[in-house]
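Residues per chain are reported as follows:
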Amino acid sequence: MSASGSVVLVDVYGPTMRLMRAFADAGRRVVRVQSTPEVPPSYRPGFDPDAFAINIVHTGDFAALVAAVAEYEPAAVLTAGELGVELADALAEALGLPGNGTALSEARRNKFGQNEALRAAGVPAARQLLVSSAEELELWHEELGGRVVVKPVRSMGNDGVSFCDTPQDSVDAYKALHGHPNTFDIINEGVVAQEYLVGVEYAVDTASCRGHHRITDVWQYTKINVNGVVDRMAGHFTVGPDNPVWSVLGDYARRVLDALGVGYGPAHLEVIVTDDGPRLVEGGFRIAGASVPLYAELAAGESQITWTLDAYLDPDRFVAEHERPYRLVNHVAQAFPTSPVSGVLRSYPGLEAVRRLESFHSVIEHVSPGERLSRTVCNSTEPLIIALAHPRPEVVASDLASVNYLDGPGFYDVEEDTP
């Protein structure tokens, strides 16, 4: 790989500006490619096009895009967001640069295709159905029994995800998704139904180079059922290599990455460890959101970002060091409070008590006083993120429980909407 040259990042938006800055701080000129002519609605708040010195908008002419990018003598192309996975793969391949190729690109973006690719490679995967009709889905749910998860084959986060206890619930969820736009303002092209996996859910973040994989951080989710939402993620906390589940998740994650043709770049895998072993919920082949790399560095002095930079800028070092032991310096948790009310926010009265917790580290406000607060039903309506960090895990565990206790109607002072 060239010792100089530009780094091309596809679909950099607010949540992944940290990756862009890291490459710039490493002395590389960063070229931003926007995969859609218009900025998706979910990324418009806070998006500043003037923050990017070089911004190329893809209007549909791929050959013209390749030519425009080539003018900046790129040394690497990778995606910075979910929407740009396939375009980044295609650009890297067309320019002869390291990447994951296009053979399995669609599977890496398609939630149904991911599990089918795993199954084809002999990797355990969830039972699922690519829904072609309401009648087919109703029959499949009846035969499977239990709870079913219905979601778009392409989207991000928990956009459009429904937990369905009856076949009629599944049919209703399918009808609400089919032919309707997702969070990217793109019409859902398909709907997948999957078995509801029972077990503890983890996030496994990775970085890859030349087919070698580094487990950069692992998080265990805490969930609640609230505001009519099943398995709302209330927070997550670090898992270290002293926990036996670390090796189980690491081995499974490497099999997933190999099955999906991942040789380069970051990945964010959501995995549930069931009684039958780990199963992929879904994977995103880009860096993790919610500022997770920032807190991963706080925990261990490394993150997907540090390893991704090495994967593209110093691959020899990546390969030489990717198996060195991982060690937690701090135990870290993020809490995602859940507002039960909506209206104009006056203040967060509960934050004063949170700031006094021994492990309190920081808070990121998505909604500030004077702005409109929505009742939290998904990650895009989260009011804020609270970070905790401490060398002792029991302190973080206690403080995370305290944050969850404090969260509730009294945590928010709002001028509520009229019923």
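Rules of the game
- Residue indices follow the written sequence of each chain, beginning from 1 at its first position.
- Where local features are concerned, this predicted model is filtered to residues with pLDDT of at least 70; where side-chain atom pairs are given and counted, the filter is 80 or more; whole-chain, interface and lining totals use all residues.
- The basis for the side-chain values is all heavy atoms of the structure; hydrogens and waters are excluded.
- Starting at the N terminus, helices and strands are each numbered in turn, a helix being any DSSP run of H or I of at least four residues and a strand any DSSP run of E of at least two.
- Whether two residues are in contact is decided by their heavy atoms: any pair within 4.5 Å suffices.
- The salt bridge definition used is simple: a Lys or Arg side-chain nitrogen within 4 Å of an Asp or Glu carboxyl oxygen.
- Type-normalised accessible area, obtained with a 1.4 Å probe on protein chains alone, sets the label of each residue: buried when under 20%, exposed when over 50%, and partly exposed for intermediate values.
- The directions considered for the arc are those from the helix axis to the C-beta atoms.
- Patches were defined on residues exceeding 30% relative accessible area and lacking a salt bridge, with like-charge contacts within 9 Å and nonpolar side-chain contacts (Val, Leu, Ile, Met, Phe, Trp, Tyr) within 5 Å.
- Only the protein chains shown count as cover for residues, with accessible areas throughout obtained via the Shrake-Rupley method and a probe of 1.4 Å.
- This count recognises Lys and Arg as positive and Asp and Glu as negative, with His and chain-terminal groups excluded.
- Taken as the charge centre is NZ of Lys, CZ of Arg, CG of Asp or CD of Glu, depending on the residue.
- Should DSSP find at least two bridges between two strands, the strands are taken to pair.
- A fitted line through C-alpha atoms serves as each axis, taken over the contacting stretch for helices, and the angle formed by two N-to-C directions is quoted from 0 to 180°.

- Within an unreviewed UniProt entry, the label attached to the protein reads ATP-grasp domain-containing protein, and the organism entered is Actinokineospora guangxiensis.

### Regarding the environment of Leu280
Point 1. Mapping Leu280 onto the fold places it in strand β13 (residues 277-284).
Point 2. Each C-alpha atom of the pair Leu280 and Gln220 lies 14 Å from the other, and the pair is 60 residues apart in sequence.
Point 3. In this structure Leu280 touches Gln114, Asn115, Leu118, Leu197, Tyr252, Val256, Leu269, Glu270 and Val271, once residues within four positions along its chain are discounted.

### Some details on the pattern of salt bridges
Point 1. One pass over the structure, following the stated rule, counts 22 salt bridges.
Point 2. Residue Asp316 pairs with Arg210 through a salt bridge whose shortest N-O separation is 2.9 Å. Taken together, the residues span a long stretch of sequence, with Asp316 in helix α11 (residues 315-321) and Arg210 in the loop between β9 (200-209) and β10 (212-226) at a distance of 106 residues.
Point 3. Note that Arg346 and Asp413 form a salt bridge whose closest N and O atoms lie 3.0 Å from each other. One end of the pair, Arg346, is in strand β15 (residues 343-347); the other, Asp413, is in strand β19 (residues 413-416), with 67 residues separating them in the sequence.
Point 4. Taken together, the shared-partner salt bridges in this structure form one network comprising Arg214, Glu302, Glu321 and Arg324.

### Quick word on helix α9 (residues 292-300)
Point 1. Among the residues of α9, Val292, Pro293, Tyr295, Ala296, Ala299 and Ala300 are the ones counted as buried. Projection of α9 onto a plane perpendicular to its axis shows the buried side chains occupying an angular sector of 160°, all on one side.
Point 2. One or two residues past the end of α9 sits Gly301, with phi positive at roughly 75°.

### Points about a negative patch on the surface
Point 1. A surface patch of like charges, here negative, comprises Glu135, Glu138, Glu142 and Glu143.
Point 2. Summarising the element assignment, Glu143 is placed in helix α6 (residues 134-144).
Point 3. On the accessibility criterion, Glu143 (60% relative accessible area) is exposed.

### Structural notes on the sheet that holds strand β3 (residues 55-57)
Point 1. The sheet built from four strands is open, its strands ordered β3-β2-β1-β4 with parallel pairing. On the outer flanks of this sheet lie β3 and β4 (74-79), each paired with one strand and no other. Averaged over all adjacent pairs, the angle separating strand axes in this sheet is 20°, with direction ignored.
Point 2. Here strand β1 (residues 6-10) pairs with β4 via five bridges, running parallel. Directly across from Val10, in β4, lies its bridge partner Thr79.
Point 3. Packed onto the sheet, helix α2 (residues 62-70) meets β1, β2 (30-34), β3 and β4 and runs at close to 170° relative to β3.
Point 4. Sitting on the sheet, helix α3 (residues 85-94) is in contact with β1, β2 and β4, with an inclination near 160° to β4.

### Considerations on the sheet that holds strand β14 (residues 331-335)
Point 1. Spatially, eight strands are ordered β13-β12-β9-β10-β11-β14-β18-β16 in an open sheet, and the strand pairing comes out antiparallel. Each having just a single partner strand, β13 and β16 (360-365) make up the two edges of the open sheet. This sheet shows a mean twist of 25° between the axes of neighbouring strands, independent of strand direction.
Point 2. As paired strands, β9 and strand β12 (residues 265-274) are joined by nine bridges and run antiparallel to one another. What sits directly across from Val200, in β12, is Val273.

### Describing α6
Point 1. Looking only at α6, the buried set comprises Ala134, Leu137, Trp140 and His141. In a view along the axis of α6, the buried residues occupy a sector of 125°, so they form one face of it. Every exposed residue of α6 that faces more than 90 degrees away from the buried side is listed here: Glu135 and Glu143.
Point 2. In this structure, the buried side of α6 is in contact with β5 (128-130), β6 (148-152), β7 (162-164), α7 (167-177) and β8 (191-195).
Point 3. With its phi angle positive at about 75°, Gly145 sits one or two positions after the end of α6.

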